[in-house]
Amino acid sequence: AEEGAPLDGSPPDHSYSLSSGTTSEELLRKLNEQRDIIALLEVKMKEMKGSIRRLRLAEAQLREEIREKDRLLHAASAGTRKRHGL
């Protein structure tokens, strides 16, 4: 393939990263930058997974509290329902 011409089946940014006059030094620098970005994203993903776990726990606790309050409300209103014939 000619320099700068995209190769078949390659990612879209392949063509500009190998555009004419790109030195191996520049390629290496770009590769390292991308590696840093990927590492950063992996850290962020781990943090988000932790956040999601905490949110799920909090949600489960809230659902349990709501169930408990519902039970109390039903118990409290059972008497009045009978009186009103509902």
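Bear in mind that the values here come from a model prediction, so they are computed numbers and not experimental data.

S.K.: Provide a residue-level description of the pattern of salt bridges, including the pertinent values.
M.R.: Summed over all chains, the structure comprises 5 salt bridges. Linking R63 and E59 is a salt bridge whose minimum nitrogen-to-oxygen distance equals 2.9 Å. Of the two residues, R63 and E59 are both situated in helix 2 (residues 24-84); the distance of 4 residues between them amounts to about one turn of the helix. Of the charged contacts, one joins E68 and R71 as a salt bridge, the two residues approaching to 2.6 Å between their closest N and O atoms. With E68 and R71 both in helix 2 and 3 residues apart, this pair spans about one turn of that helix. Classification of R71 as partly exposed rests on a relative accessible area of 45%.

S.K.: How would you explain a positive patch on the surface if you had to name every residue and give the values?
M.R.: Taken together, the side chains of K46, K49, R53 and R54 make up a positively charged region of the molecular surface. Inspection of the secondary structure assignment puts K46 in helix 2. Owing to a relative accessible area of 64%, K46 belongs among the exposed residues under this scheme.

The rules we used
Residues numbered from 1 in each chain as written. Predicted model: local features only at pLDDT ≥ 70, side-chain atom pairs only at ≥ 80, totals over all residues. Heavy atoms only, no water. Salt bridge = Lys/Arg side-chain N within 4 Å of Asp/Glu carboxyl O. Helix = DSSP H or I, 4+ residues; strand = E, 2+ residues; numbered from the N terminus. Buried < 20%, exposed > 50% of the residue type's maximum accessible area, 1.4 Å probe, protein only. Patch = residues over 30% accessible without salt bridge, like charges linked within 9 Å, V, L, I, M, F, W, Y side chains within 5 Å. Areas by Shrake-Rupley, 256 points an atom, 1.4 Å probe, with all protein chains shown as cover. Lys, Arg positive; Asp, Glu negative; His and termini not counted. Charge placed at Lys NZ, Arg CZ, Asp CG, Glu CD.

As far as function goes, none of this settles anything; it's purely spatial.
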